[in-house]
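# Structural description and commentary
Residue strings, one per chain:
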Amino acid sequence: MTEFCDVALPVPLDMVFTYRVPSEITPLIGGRVLVPFRQQRMTGIVVELHDRQPSVKTKSIAKVLDTAPVLDDQLLRLGRWIADYYLAPIGEVFRTMLPLHAEFKRAAAYRITDEGRMALHLAGMSGSSARSRRTPDEQASEFRVLDYLAAQDSNLTEKAAVREQTLRSATHATRSILTGMVRKKWITREDVSNIRDATRTIKIAVLKSAEAKLNNNQRTLIEALAGSGGRVPTDTLQSLDVPRSTLNTLIKRGLVEIIEERIAPSTSRARPRPSPFAFEFTPEQKSALSRLLESVNSRKFSGILMHGVTGSGKTAVYLAGMREVLESGRSAILLVPEIGLTPAVAADLHQTFGDEVAILHSALSDKERAQQWHRIRNGEARMVVGTRSAVFAPVSDLALIIVDEEHDASYKQEETPRYHARDTAVMRAKMANATVVLGSATPSLESYFNATKNKYALVELPDRVEQRRLPEVEIIDMRLEFQETGCEHPISRKLVAEIKERLERKEQVIVLLNRRGYSPVVLCRSCGETLQCRNCAIALTHHKREHKMVCHYCGYVAAVPKACVHCGSEYVYFLGTGSEKLEELLHGMFPQARIARLDRDTVRGHEDFERTLNALDVGELDLVVGTQMIAKGHDIHGVTLVGVVGADSALGLPDFRAAERTFQLLTQVAGRAGRGQSPGKVILQTYFQDHYAVQYAARHDFAGFYEKELRFRSWMHYPPYSALANVLIRSEKLDEALEWSGELGKWFEQTRHEGVRVLGPAAAPILRLKRDYRYHFVLKSPSREKLNSTLRAMLAHAAAQKIPRTQVIVDVDALWLM
């Protein structure tokens, strides 16, 4: 029997922790254990069992939580690769891989100490017992706590601690009072966190008998049960106009029984689209599917980049490939970039594969995610669809991973561990000898570059299905529009005319403005100052409907100013246009039109998104205004016009990927038009009409854009010609951020790093974010091995200089340099 085990804990430390294994328990590699860590209990993953005696005193495992590993050998290897490649703490990687937080219930318990008994005794001798104190002051609360704990202690044969929830409910003490009493050593606090059953259940009232004498309230409940087949959820009964005690009385009399039933996992309320198998595949689709199945059947790793124009039927090829995988008894994972795409794709999969589909994304509750995870692990669902974390789904016999819209930046996690789901999918497929398909109408330059270098097989779908034409794109120069009209208006005359024409023909319109809120800037015309977030170096955005100013980075909210907060002037000017203002303008221009808005202000959950998309799909809406969430993947056949308002604003950002992002967004949103029988048109408003990203997007010319952008990247040694990392130093204190970045800057200068170019330190483009001042370095190297070696040495130096690990952010393959 092994004496020790190494456990990876979800803490920001690049290490594992050794614990002693008690003789009565048997931990499993890849299984969870409950262990003491500092003053609390934590769950961790066992990564090794051994008999090596540690040099320090070890604590013992408190409890083994699993009878079988929750991470198999393949997922453990994947987790170690992520920790190594992205320089992330291994415990935080494993926490990200396991959506089982709902199964761990954090709890504390208290017991009285000898010092507490003495304090209570002295209070009693002075005639001020806790029971006689009725005033709600802090001292009275403390003695109520001592009195309650002493009474519980004397009543119990085993001196068990009292749970915090029970103690606070009985004594009305606040958490701060309990914390103060712990400091006084009158009571002790113990962590009694433990695992719990996270199965989602519902309580059902079941009618056993109606043959009894009943009063009016009881008869109402019995009739409600009888009229619903004898089974009604208790929540429904409690909504009836009868006292809550009535149901309890019926239960005591044996007339009604309460049972708990497991809630079946929901897939999607999105309206299923016509089956892709109802249409004849084009020759290109057949060729793509044949190439995909050939790779899957080889049972060897293979990477495929599927480059198909918008509307070319990539999703149909995905589903056909997944159907073949399911019929062969194997598993597949389909990744989509946005939660908004998940319902529609899940509806397609549910229509095709029935209950074999599981959904994993962040809009699910913790319990829902845990339930879906267990379905996958138990083999109940072999087809998985979800956002980036679905790449860790515990499927068995993995045959195929598909990354739809592989270029999308939302596949990159912007918090530790900062992994990229696309690259993680490639590595997981490699470890499983599976096939990975990266699909997009606008592939990332890195993926397309890899395909041209034969790292991936390139599969092209150059035409839309059913010989539908790509939409015509007309560019409107907004500089010329201003000269001709003499006023600044977000909607050009041409776009207004085109919208009017489509509405008269009963066709549908999408208008994109990739900016939330009503006005993005509030400016004082007297002193020239803007209203800034108090936590970030960012202007607050005006949200008119909710009558507040909001920071879109940290969530800070302020009142809408009636006067300038800097100089007191009443000349406050709301500058610019967001999606909320655009919606208001369109309502004014087209009062008879049915208009909706899709952005993060109107979409609070996946149900809101599904509701709006379904309404558009069935023709209940004429026009939808939205941010980039309307640009990707949606297949609405009634949309014949897409208007693009200000989507080129990203070209002004200090980011080498600005042109690529603009090209991708313009191409993707243009692809929403003309997907049905009627031809589509795109009105593209821009202040940069001569920019190559705008011109190539208007011509649907990916190859032309790729060649030109690649030339610029090669001159500046940016990806795909170099590996890149962003090192961010942050602190709430400006002096600390300057000192730490200066210290690391000196280290970079004084240490030789062959083959690695270091830019910085420099202030981050957004100097202050979420209260932290931020300075950064950008590292580039043609050798990924040399880059990671330099980053590890830098982290070691930072630790030696006592710079906290949480304040040094290392972002390997960074997508966001702001």
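Anything mentioned here points back to the structure above.
Before going into details, it helps to say that this report is about the structure given with it. Note that the structure is a prediction, hence the values are computed from the model and not measured.

Procedures and definitions
- Per-chain numbering applies: the sequence of each chain, read as written, is numbered from 1 onward.
- Given that this is a predicted model, residues contribute local features only at a pLDDT of at least 70 and side-chain atom pairs are listed and counted only at 80 or more, while totals for whole chains, interfaces and linings are drawn from all residues.
- Side-chain numbers here rest on the full set of heavy atoms in the structure, without hydrogens or water.
- Note: two strands are recorded as paired if DSSP finds a minimum of 2 bridges between them.
- Put simply, DSSP H or I for four residues or longer makes a helix, DSSP E for two residues or longer makes a strand, and each gets a number counted from the N terminus.
- In what follows, salt bridge is the name for a side-chain nitrogen of Lys or Arg lying within 4 Å of a carboxyl oxygen of Asp or Glu.
- Under the scheme applied here, a residue whose accessible area is under 20% of the maximum for its type counts as buried, over 50% as exposed, and between as partly exposed, the area being computed with a 1.4 Å probe on protein chains only.
- Side-chain atoms within 4.5 Å are what join buried Ala, Val, Leu, Ile, Met, Phe, Trp, Tyr and Cys residues into a set we call a nonpolar core.
- Any two residues having at least one pair of non-hydrogen atoms within 4.5 Å are treated as being in contact.

Let us look at the pairing of strand S33 (residues 757-769). Bridge count for S33 against strand S34 (residues 772-781) is seven bridges, and the pairing is antiparallel. The residue of S34 that forms the bridge with Leu-759 is Val-778. Joining the antiparallel neighbours S33 and S34 is a turn of two residues, in which Lys-770 adopts a positive phi near 50 degrees.

Moving on: the pattern of salt bridges. Under the defined criterion, the tally for this structure stands at 47 salt bridges. Here Arg-168 and Glu-164 are joined by a salt bridge, their closest N and O atoms 3.6 Å apart. Here Arg-168 pairs with Glu-164, and both are found in helix H5 (residues 164-171), just four residues apart, close to one helical turn. Residue class for Glu-164 comes out buried when judged on its relative accessible area of 8%. With a closest N to O distance of 3.8 Å, Asp-397 and Arg-299 form a salt bridge. With Asp-397 in the loop between strand S17 (383-386) and strand S18 (398-404) and Arg-299 in the loop between helix H10 (283-298) and strand S14 (302-308), this pair connects stretches of sequence that are 98 residues apart. On the accessibility criterion, Arg-299 (47% relative accessible area) is partly exposed. Here the salt bridges share partners, and the residues they tie into one network are Glu-474, Lys-494, Glu-498, Glu-501, Arg-502, Arg-505, Glu-507 and Lys-681.

Moving on: unusual backbone geometry. The omega angle of the peptide bond from Pro-719 to Pro-720 is 15 degrees, so this bond is cis rather than trans. Turning to its location among the elements, Pro-720 is positioned in the loop between helix H22 (702-716) and strand S32 (723-731). Residue Pro-761 follows Gly-760 across a cis peptide bond; omega there is 10 degrees. In this fold, Pro-761 is placed in strand S33.

Core analysis: the largest hydrophobic core is formed by 116 residues, its most contacted members being Leu-791 and Met-794. Once residues within four sequence positions are removed from consideration, Met-794 is found in contact with Val-727, Leu-744, Trp-747, Phe-748, Val-808 and Val-810. The next biggest cluster of nonpolar side chains, apart from the first, holds 31 residues, and it includes Ile-304, Leu-334, Leu-349 and Met-383.

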